[in-house]
Amino acid sequence: ADLVYSYGVLFTTGDLWGACRNVARLVSDGGLLFLGLHATEQDHGDAADWLSFKAEFNTFPAWLQEQAVVAWVLSELGDEVQECRSEMGVQRRYGGDYLHFRTIMKCLTDRFEGFAAGRGMDFITDARDWLGGYPYEWASADEV
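Calculation rules
Each chain carries its own residue numbering, running from 1 in the written order of its sequence. Thresholds applied to this predicted model are a pLDDT of at least 70 for local features of residues and 80 or more for the giving and counting of side-chain atom pairs; totals over whole chains, interfaces and linings are not thresholded and use all residues. To get the side-chain values, all heavy atoms of the structure are used, and hydrogens and water are removed first. Secondary structure elements follow DSSP: runs of H or I no shorter than four residues count as helices, runs of E no shorter than two count as strands, and numbering proceeds from the N terminus. For the radius of gyration, the atoms used are the C-alpha atoms, and the globule rule reads 2.2 Å times the number of residues raised to 0.38. A 1.4 Å probe rolled over the protein chains alone gives each residue an accessible area, and that area as a share of the maximum for its type sets the label: buried under 20%, exposed over 50%, partly exposed in between. Like-charged residues within 9 Å of one another, or nonpolar side chains (Val, Leu, Ile, Met, Phe, Trp, Tyr) within 5 Å, are grouped into patches, provided each residue has over 30% relative accessible area and no salt bridge. Where accessible areas are quoted, they stem from the Shrake-Rupley method and a 1.4 Å probe; at the residue level, only the protein chains shown are allowed to cover. In what follows, salt bridge is the name for a side-chain nitrogen of Lys or Arg lying within 4 Å of a carboxyl oxygen of Asp or Glu. We place a 1 Å grid over just the protein atoms. Points where a 1.4 Å probe fits but has no way out form a cavity, open points with protein on both sides within 12 Å along at least 5 of 7 lines form a pocket, and any residue with an atom within 4 Å of a point lines it. Grid points are joined across faces, edges and corners, and a volume is the space filled by probe spheres set on the points. Each residue receives one of three labels: charged for Asp, Glu, Lys and Arg, nonpolar for Ala, Val, Leu, Ile, Met, Phe, Trp, Tyr, Cys and Pro, and polar for the others, Gly being one of them. Any two residues whose heavy atoms approach within 4.5 Å are treated as being in contact.

1. Topic: the overall build of the protein
Then, number 1: A count of helical and extended segments in the protein gives six helices and two strands.
Then, number 2: Moving toward the C terminus, one meets the helices and strands of the protein in the order β-α-β-α-α-α-α-α.
Then, number 3: For a compact globule of 144 residues, the expected C-alpha radius of gyration is about 15 Å, and the protein comes in at 19 Å, more than 25% above that figure.
Then, number 4: If one aligns the C-alpha atoms of the protein with their principal axes, the spans along those axes are about 60 × 30 × 25 Å.
Then, number 5: Among the 144 residues that make up the protein, the fraction classed as buried is 29%.

Here's what the structure looks like:
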């Protein structure tokens, strides 16, 4: 092939380097190989914790997986949602506050407009993919 493109796939095969060799064989002479891999340089010192969680996530019942997705969303967007809510002048009331809910929905809708087009999947699917993507391997620039 003139172009072989793999983004966000090979590092979850369980054999990153074997998978890279397999796709490299598909590239014709003078062709291009594009790989999207996760870099060890971006490891924030928690790679072992993430690997452990990813393995465990896949054994969770569906309700606990959903809870983990909610926790991921809050960990990724909590500050952003607070800022959006503040900009819109909405104060949190407790006990089924519909205005608060609608404000959060608007913040998230605005935040993720076009997300799927850029990532190939919506944010919640992306969260599930990150949390449950196991096996999982990082690669350094030198290794690649």
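2. A look at a nonpolar patch on the surface
Then, number 1: On the surface, L3, Y5, Y7, L32 and F34 cluster together into a nonpolar patch covering about 580 Å² of accessible area.
Then, number 2: Broken down by secondary-structure element, the contributors of at least two residues to the nonpolar patch are β1 (3–7) and β2 (32–36).
Then, number 3: If one sorts the elements of the nonpolar patch by residue count, β1 sits on top with three residues.
Then, number 4: Counting through the fold element by element, L32 comes out in strand β2.

3. Remarks on the layout of surface pockets
Then, number 1: Taken as a whole, the largest pocket spans an internal volume of roughly 790 Å³.
Then, number 2: Lining the largest pocket are 30 residues, with H38, R119, D126, W130 and Y136 positioned closest to its centre.
Then, number 3: Among the secondary structure elements, those contributing two or more residues to the lining of the largest pocket are β1, α2 (47–57), α3 (62–87), α4 (98–112), α5 (115–119) and α6 (123–132).
Then, number 4: No other element matches α6, which puts four residues into the lining of the largest pocket.
Then, number 5: In the lining of the largest pocket, the residues fall into 16 nonpolar, seven polar and seven charged.
Then, number 6: Within this model, the second largest pocket holds a volume of roughly 260 Å³.
Then, number 7: Around the second largest pocket sit 13 residues that line it, and V73, L74, V81, I104 and L108 are the ones nearest its centre.
Then, number 8: Elements that contribute at least two residues to the lining of the second largest pocket include exactly α3 and α4.
Then, number 9: No other element matches α3, which puts eight residues into the lining of the second largest pocket.
Then, number 10: In terms of residue class, the lining of the second largest pocket is made up of nine nonpolar, three polar and one charged.

4. Focus on the environment of V4
Then, number 1: Secondary-structure assignment places V4 in strand β1.
Then, number 2: Residues V4 and A39 lie 35 residues apart in sequence; the distance between their C-alpha atoms is 20 Å.
Then, number 3: Excluding its chain neighbours within four sequence positions, the residues that come into contact with V4 are V23, L26, V27, L32, L33 and F34.

Nothing here speaks to function; it is geometry throughout.
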